[in-house]
Amino acid sequence: MSRVGFLGAGHIAAPMARALARAGHDVTVSRRSEAVSAALAQSGLGIAVAENAEVVERSEIVLLCLRPAVWADVVKGLPFRADQKIVSVMAGVPMAEIVAACAPVRDVSVTIPYGFIENGGCPLPVAGDPGVVRALFGAENPVLPQADEAALNHHFAASTMVAAALGLLEEGTGWLAGKTGSPEAAEIYVSNLVTGVLNGLGRDRAGELHDEKMALATPNTLNLQMVEGLAARGAFDGLPAILDGISNSMEDDA
């Protein structure tokens, strides 16, 4: 088991911290986001809360879960050591900048977790040595080593489709609620429907999403009306350009 510290305690850090604590790691989180860190301290999982410098001092592995706009100011002057390892979950922050800001640490990797990492099954693309991410989370989550940071940025861009898909489902749920007069039942229906279909996929090969879509959208079906209707309005055609823009924005920021 490892001594793991979190700089930043928010929507992504909290479930990661709980998962590691349940697995037996010694976890310390920074006091940033007071409400979240207080809840973690009171979770009964043995998670400690400390100031940033103490988090670094206590840890063998430090996870940077900070906003890209502020991370450099937060880590400035903290007592990093050469024997430490850093895992960043910050989009668009190059590893070279992290190495420079967190010297003398040299072992830096970057990954993209989502909150459901706490329950397992969260895909974790990794730039840099995937060993630390695999050791911490690989037992319950697929770790996907990437050739370089550019490939990881493409994954960061692709990850934004989660929010887009939720937005589409939210709109559809609102339409159903308006027709039936029952917002609660509408959301239960739509969210469980989509979750059930995704859970039924093997998710271990290319083409499963397409195959399931085509199995539903057969000729003369309501599903085909939906797919063709979205296609006719350009809902699919514009996606690659949007993803290119998001991916390119991370390179521009760097």
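All residue numbers refer to position in the chain's written sequence, counted from 1. Whole-chain, interface and lining totals are the exception, using all residues; otherwise, since this is a predicted model, local features are given only for residues with pLDDT of at least 70 and side-chain atom pairs are given and counted only at 80 or more. Calculated side-chain values reflect all of the structure's heavy atoms, with hydrogen atoms and water omitted.

Draft legend 1. Structural context of the overall build of the protein chain. The secondary structure content of the protein chain amounts to twelve helices and eight strands. Summarising its shape, the C-alpha atoms of the protein chain cover approximately 65 × 40 × 30 Å along the three principal directions. Exposure categories follow from relative accessible area, calculated using a 1.4 Å probe and restricted to protein chains: below 20% of the type maximum is buried, above 50% is exposed, and the middle band is partly exposed. In the protein chain, buried positions account for 37% of the 254 residues. Put simply, 47% of the contacts in the protein chain that link residues at least 6 apart link residues at least 24 apart. Computed by Shrake-Rupley with a 1.4 Å probe, the accessible areas treat only the displayed protein chains as cover when residues are assessed. As displayed, the protein chain offers around 14000 Å² of accessible surface, 57% of which is attributable to carbon and sulfur atoms. For this count, His and the chain ends are skipped, Lys and Arg are scored as positive, and Asp and Glu as negative. For charged residues, the charge sits on one atom: NZ in Lys, CZ in Arg, CG in Asp, CD in Glu. Separation between the mean location of the 17 positive side-chain charges and that of the 29 negative ones in the protein chain comes to 5 Å. Labels follow the DSSP assignment, with helices taken as runs of H or I lasting at least four residues and strands as runs of E lasting at least two, numbered in each case from the N terminus. Contacts between residues were defined by any pair of non-hydrogen atoms, one from each residue, lying within 4.5 Å.

Draft legend 2. Layout of the nonpolar core. By size, the foremost hydrophobic cluster in this structure holds 30 residues, and its most contacted members are Leu7, Leu64, Val75, Phe80, Ile86 and Ile98. Those elements that provide at least two residues to this core are helix H3 (52-58), strand E4 (61-64), helix H4 (71-75), helix H5 (95-101), strand E6 (107-111), helix H7 (149-159) and helix H12 (239-253). Note on terminology: a nonpolar core comprises buried Ala, Val, Leu, Ile, Met, Phe, Trp, Tyr and Cys residues joined through side-chain atoms within 4.5 Å.

Draft legend 3. Local environment of the packing of helix H8 (residues 161-180) against helix H9 (residues 183-199). One way to put it is that H8 packs onto H9 with a least axis distance of 8 Å and a crossing angle of 140 degrees. As far as their axial angle goes, H9 and H8 are oblique. The way H8 lies across H9 gives a crossing that is right-handed. Seen from H8, the contacting residues are Leu169, Thr173, Leu176 and Ala177; seen from H9, they are Pro183, Ala186, Glu187, Tyr189, Val190 and Val194. Taken together, the residues of the contact of H8 with H9 break down into eight nonpolar, one polar and one charged. Note on geometry: axes are C-alpha line fits, over the in-contact stretch for helices, and angles between N-to-C directions span 0 to 180 degrees. Roughly parallel covers angles under 35 degrees, roughly antiparallel covers those over 145, roughly perpendicular covers 65 to 115, and oblique covers all other angles. Note on convention: near helix rotated counterclockwise from far helix by under a right angle means a left-handed crossing. Clockwise means right-handed. Residue polarity is assigned by list, with Asp, Glu, Lys and Arg as charged and Ala, Val, Leu, Ile, Met, Phe, Trp, Tyr, Cys and Pro as nonpolar; anything else, Gly included, falls into the polar class.

Draft legend 4. Summary view of a nonpolar patch on the surface. Patch membership requires more than 30% relative accessible area and the absence of a salt bridge. Residues of like charge join within 9 Å; the nonpolar side chains Val, Leu, Ile, Met, Phe, Trp and Tyr join within 5 Å. Salt bridge, as used here, is a side-chain nitrogen of Lys or Arg placed within 4 Å of a carboxyl oxygen of Asp or Glu. A cluster of nonpolar side chains, contributed by Met161, Leu239 and Ile242, occupies part of the molecular surface with about 250 Å² of accessible area. For methionine 161, the location among the structural elements is in helix H8. With relative accessibility at 35%, the residue methionine 161 sits in the partly exposed group.

Draft legend 5. Region of interest: the state of the cysteines. In plain terms, two cysteine sulfur atoms within 2.5 Å form what is called a disulfide here. Applying the stated criterion across every chain, the model contains zero disulfides. Free of any disulfide, cysteine 65 has its nearest cysteine sulfur in cysteine 102, 13 Å distant. Under the relative-accessibility criterion, cysteine 65 is labelled buried at 16%. Cysteine 122 carries a free sulfur, and the closest cysteine sulfur to it, the one in cysteine 65, is 13 Å from it. On the basis of relative accessible area, cysteine 122 is assigned to the buried category, the value being 1%.

Draft legend 6. Layout of helix H1 (residues 13-22). Counting buried positions along H1 gives eight out of ten residues, so the element sits mostly inside the fold. Turning to H1, its buried residues number three or more, namely Ala13, Ala14, Pro15, Met16, Ala17, Ala19, Leu20 and Ala21. Turning to H1, the residues buried within the fold contact strand E1 (3-7), strand E2 (26-30), helix H2 (34-41), E4 and helix H6 (131-137).

Draft legend 7. Region of the structure containing the pairing of E2. With four of five residues buried, E2 is to be regarded as a mostly interior element. In the sheet, E1 pairs with E2 via four bridges, with the strands oriented parallel. Within E2, the position partnered with phenylalanine 6 by the bridge is valine 29. Viewed with both strands pointing away, a crossover whose connecting path from the first strand over the helix to the second turns clockwise is right-handed. Once the chain exits E1 it traverses H1 before rejoining the sheet at E2, and the crossover so formed is right-handed. Bridge count between E2 and strand E3 (residues 48-50): three bridges; the pairing is parallel. Paired with threonine 28 across the two strands is alanine 48, which belongs to E3. Of the crossover connections in this fold, the one passing from E2 over H2 to the parallel E3 is right-handed. Two strands pair if DSSP finds at least two bridges between them.

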